[in-house]
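As a plain string of letters, each chain reads:
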Amino acid sequence: CFALGVAFAHKISMPFMLGFLYKINGTDYITSSISIESYLSFVLMVYIIFGIVFEMPVVSAILTKFGLLKSAWLKKGRSFAIVLCFIVAALITPPDIISQIMVAIPMMILYQLSIIICRVIEKFNRKKEDEE
């Protein structure tokens, strides 16, 4: 999942983010003085954040397996999670609405996937308890 997050960031999100930053540079009032160090720092930060975000289904599966998380809780907090996805997306992307949406939508999809995985694990645990 981490590698999938990095691949998503590299192929889909980074071109839009860097394109936005490049468009700002084209104005008369702003000139950029980007160093290799700052570019690599930005790219690595984005890769790490996307990698961690794409671990959401894995973390929810582990927490559900240990009984610390329930799909009902995730369903109940879905509206809060959507707002949180957009807040996190706003913090990790340049001030561009398209980049923010391109980050927030996969986060919401991963949240929904986490709910489905939790539900499957809960059914499996109930079936296992019934057999015992």
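Residues numbered from 1 in each chain as written. Predicted model: local features only at pLDDT ≥ 70, side-chain atom pairs only at ≥ 80, totals over all residues. Heavy atoms only, no water.

A separate point is the confidence of the model for the protein. Per-residue pLDDT for the protein has a mean of 85; in total, 89% of the residues score no lower than 70. Per-element confidence in the protein ranges from a low mean pLDDT of 80 for helix α1 (residues 2-25) to a high of 92 for helix α3 (residues 56-65). (pLDDT = per-residue confidence, 0-100. Helix = DSSP H or I, 4+ residues; strand = E, 2+ residues; numbered from the N terminus.)

A word on the side chain of Ser-114. Inspection of the secondary structure assignment puts Ser-114 in helix α6 (residues 97-131). Among the residues examined, Ser-114 registers a relative accessible area of 2% and is labelled buried. Every residue in contact with Ser-114, bar those within four places of it in the chain, is listed here: Met-56, Pro-57, Ser-60 and Leu-74. (Buried < 20%, exposed > 50% of the residue type's maximum accessible area, 1.4 Å probe, protein only. Contact = heavy atoms within 4.5 Å.)

On to the nonpolar core, then. In this structure, Met-14, Met-17, Phe-42, Val-46, Phe-50, Phe-54 and Val-103 are the most contacted members of the largest nonpolar core, which totals 18 residues. Within the residue set of this core, elements represented by two or more residues are α1, α2 (36-53), α5 (78-92) and α6. If you look at the next biggest cluster of nonpolar residues, it comprises 6 residues, including Leu-74, Ala-81, Tyr-111 and Ile-115. (Core = buried A, V, L, I, M, F, W, Y, C linked by side-chain atoms within 4.5 Å.)

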